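If you want the building blocks of each chain, they are given just below.
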Amino acid sequence: MASDGKAAKPVRIVYNARARRMILRLDQRDGVPVLTAPPGVARSAIDQFLSQQQGWIARQSASRLPIVPLVDGAVFPFRGEDHVIRHCPTLPRSPVIADGFLDVGGAGESLDRRIIRFLRSEARSVLSERVALHAQCLGVTPTRITIRDTRSRWGSCSAKGALNFSWRLIMAPPSILDYVVAHEVAHLLEMNHSARFWAHVDRLVDNRTEARKWLRSHGHDLMRIAGHEFA
């Protein structure tokens, strides 16, 4: 974590070999500015860049929406549809989703943890199913599927064929989740964003333009749910 002067907001610095220039964004879950920089960038250049961006950081921090906690009565999306949390200690501890509600019992102090475990489990099940379908279509096989609470990517594909996805995709409409899966499965054939890569994506789904727009417009809302303490 870095700070540009006493009054500056702390900044998280991430070095990425794929980065071609310095990029600044605001993490919607904890409000911390994140600077992504190519390896080897001089610290003086980073400090100068951050100094020039203090106005942007202040404006973005001021406009940041609050975190939505997973508590009794809270509304959150599940597969694109709003659901209301109903907590009653006498209900079963395992959450159950039906008819626009998520019903859950047990102690109130661990409510958010149990709901997130449930959502992660649902995400793993749905994402694994969609990966299998798209992988079969393209004739590829991932080496591993991991569900995480990633800060900047909805999904990723490693050079060894491991796929990673954000559990928060289970809150998005099914077509959006499916696009992200198709995107990462296509990387098993093309580790780039060439015309051939997009042709593979379009072979799997027909909504990539709309899905990318949806993620840009609404993705930050999903990041507000529950913060990231229990990821």
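For the structure, check the block above.
First, a word on scope: everything that follows refers to the structure included in this document. (Residues numbered from 1 in each chain as written. Predicted model: local features only at pLDDT ≥ 70, side-chain atom pairs only at ≥ 80, totals over all residues. Heavy atoms only, no water.)

**Digging into helix H4 (residues 174-186)**
For H4, which comprises 13 residues, the first-to-last C-alpha distance of 18 Å matches the rise-based estimate of 18 Å (1.5 Å per residue) to within 8%. For H4, the buried fraction is high: 11 of the 13 residues fall into the buried class. Taken residue by residue, H4 has Ile176, Leu177, Asp178, Tyr179, Val180, Val181, Ala182, His183, Glu184, Val185 and Ala186 as its buried positions. Against helix H3 (111-138), strand E9 (155-157), strand E10 (162-166), helix H5 (195-204) and helix H6 (208-224) lie the buried residues of H4. (Helix = DSSP H or I, 4+ residues; strand = E, 2+ residues; numbered from the N terminus. Expected span 1.5 Å × (residues − 1). Buried < 20%, exposed > 50% of the residue type's maximum accessible area, 1.4 Å probe, protein only. Contact = heavy atoms within 4.5 Å.)

**As for the sheet that holds strand E1 (residues 12-15)**
An order of E1-E3-E2 is seen for the 3 strands of this open sheet, with the pairing classed as mixed. At either margin of the open sheet sits one strand with a lone partner, and together these are E1 and strand E2 (23-26). The average angle at which neighbouring strand axes cross in this sheet is 25°, direction not considered. Taken together, the 4 bridges between E2 and strand E3 (residues 33-37) define a ladder with antiparallel strand orientation. Counterpart to Leu26 in the pairing with E3 is Pro33. (Pairing = 2+ DSSP bridges. Axes fitted to C-alpha atoms, helices over the stretch in contact; angles between N-to-C directions.)

**Comments concerning the pattern of salt bridges**
Applying the stated criterion to the full structure yields 7 salt bridges. Here Arg196 ties to Glu190 by a salt bridge, and the two come within 3.6 Å at their closest N and O atoms. With relative accessibility at 58%, the residue Arg196 sits in the exposed group. You can call Glu190 buried: its relative accessible area is 11%. Salt-bridge contacts for Arg224 lead to Asp221; the nearest nitrogen and oxygen are separated by 3.9 Å. Of this pair, Arg224 and Asp221 both sit in helix H6, 3 residues apart, which is roughly one turn of that helix. The exposure class of Arg224 is buried, given its relative accessible area of 16%. (Salt bridge = Lys/Arg side-chain N within 4 Å of Asp/Glu carboxyl O.)

**Quick look at the packing of aromatic side chains**
The final tally for this structure, using the stated rule, is 2 aromatic pairs. Here the aromatic rings of Phe78 and Phe118 are separated by 6.5 Å at their centres, their planes lie at 25°, and the arrangement is stacked. One end of the pair, Phe78, is in strand E4 (residues 75-78); the other, Phe118, is in helix H3, with 40 residues separating them in the sequence. A relative accessible area of 15% places Phe118 in the buried class. Arranged with centres 4.8 Å apart and planes meeting at 70°, the rings of Phe197 and Trp198 form a pair that is edge-to-face. Here the guanidinium or amino end of Arg86 rests over the ring plane of Phe101, the centre of that ring lying 3.7 Å away. (Phe/Tyr/Trp six-rings, centres within 6.5 Å; stacked < 30°, edge-to-face > 60°. Lys NZ or Arg CZ within 6 Å of the ring centre and 35° of its normal.)

**Thoughts on the side chain of Ser166**
Structurally, the position occupied by Ser166 is in strand E10. Sequence-distant contacts of Ser166, that is, excluding residues within four places in its chain, are made with Leu127, Arg148, Asp149, Thr150, Arg153 and Trp154.

**Some thoughts on the packing of H4 against H6**
The N-to-C vectors of H4 and H6 enclose an angle of 105°; their axes lie 9 Å apart at closest approach. Comparing the axis directions of H4 and H6 gives the class roughly perpendicular. Counting all contacts with H4, which are made through Ile176, Tyr179 and Val180, the residues of H6 involved are Arg208, Ala211, Arg212, Trp214 and Leu215. Broken down by class, the residue content of the contact of H4 with H6 amounts to 6 nonpolar, no polar and 2 charged. (Parallel < 35°, antiparallel > 145°, perpendicular 65-115°, else oblique. Nonpolar A, V, L, I, M, F, W, Y, C, P; charged D, E, K, R; others polar.)

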